[in-house]
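Single-letter residue listing:
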Amino acid sequence: MLQVPRFAGNQGEEHLVIGLSGSGKSTLLHAMAGLLKPTEGTVNIAGQDLARLSVNELDRFRGRTIGIVFQQMHLVPTLTVRDNLLLAQYMAGLRHRPGRVAEVLGSLDVEDKQDAYPSQLSYGQMQRIGIARAVMNEPQLILADEPTASLDDLRSQKVLELLTHQAEVHGATLVIASHDQRVKRRFEKQLVLNDVASDQGLDHRDAKTP
C-alpha cells in the first residue's frame, strides 16, 4: 500500500517526487490527476475535493485545471498536431481557440508541425507536443511523469527547462515524478518515496483517462 504524508503545494511552486522504479511515483501523480482514487485521505486540487465530483464532472475539471505529460504521449495517430491540441479544448468543454494552438506550439519552437501527424514527428518533437497539449488549456497544475527517462544530459536539461518555463508562463504548480538523479539538483522542494508500492492502496473503479 502506498502511504504518503500530507503533500501540499502552493500555486506557482515546483515540486519533485523522486524514488526508485516501483516506489509509487506514477501512482501518486495519477491520484493527483483523479485517474486513480485513494482508499484513504483526500485529494484537493485548486480548492476542489476530487472525490466529490462525478465521473463526468471530474473529466471536465481535469481537462480545465490539470495538464498531464505522460510517459507515453497518447496522441491520436489519425489527427494532426493541431487537431490533437484542439481535442484537448473540446474534451474540456471549452470553445475552440485555433490561435491558442499557434501560440503554444510557437513557445515550444514547433509551430511548423501543426499539420504533421504523430508518425511524422521525431521523439523530441513528440515530447514538445505532449507538453503543448498539457498546457493548452492554461492549467493550474502541471503533472509530468518521468519526462527525462532515457534522455541524454542535454535533452534532459532542455525538457526540464521547457516544463519549468511553461509552468512559469501559466502561473501553474509543477509536479514532476522521476527516478532520474540528474533532476534532483533542479528542485528545492522534493518528496522522496522509498518504499516499493503496489496499487493496493488505490481504488481503480472510477479511473478514467482524459
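Residues numbered from 1 in each chain as written. Predicted model: local features only at pLDDT ≥ 70, side-chain atom pairs only at ≥ 80, totals over all residues. Heavy atoms only, no water.

Regarding the pattern of salt bridges
Then, number 1: In total, this model carries nine salt bridges according to the counting rule given.
Then, number 2: Ionic pairing is found between R52 and D49, a salt bridge with its closest N-O pair at 3.7 Å.
Then, number 3: When its relative accessible area of 68% is taken as the criterion, R52 is described as exposed.
Then, number 4: The salt bridge partner of R182 is D153, with a shortest N-O separation of 2.6 Å. Linking R182 in the loop between β7 (173–178) and β8 (189–193) with D153 in helix α6 (residues 153–170), this pair joins segments that are 29 residues apart in sequence.
Then, number 5: Residue classification places D153 among the exposed positions, given a relative accessible area of 53%. (Salt bridge = Lys/Arg side-chain N within 4 Å of Asp/Glu carboxyl O. Buried < 20%, exposed > 50% of the residue type's maximum accessible area, 1.4 Å probe, protein only. Helix = DSSP H or I, 4+ residues; strand = E, 2+ residues; numbered from the N terminus.)

Structural notes on helix α1 (residues 25–32)
Then, number 1: Most of α1 sits out of view: six of its eight residues are buried.
Then, number 2: Among all positions of α1, only K25, T27, L28, L29, A31 and M32 are buried.
Then, number 3: Count one or two residues on from α1 and you reach G34, which has phi positive near 80°.

Observations concerning the pairing of strand β6 (residues 141–145)
Then, number 1: Most of β6 sits out of view: five of its five residues are buried.
Then, number 2: Going residue by residue along β6, you find L141, L143 and D145 tucked away on one face and I142 and A144 tucked away on the opposite face as well.
Then, number 3: Where strand β5 (residues 66–69) lies against β6, four bridges are found, and the strand directions are parallel. Bridging across to β6, I66 finds its partner in L141.
Then, number 4: For β6 and β7, the ladder comprises five bridges, and the chain directions are parallel. Paired with I142 across the strands is L174, a residue of β7.
Then, number 5: In the classification by handedness, the crossover that spans β6, the intervening α6 and the parallel β7 is right-handed. (Pairing = 2+ DSSP bridges. Right-handed = clockwise from strand over helix to strand, strands pointing away.)

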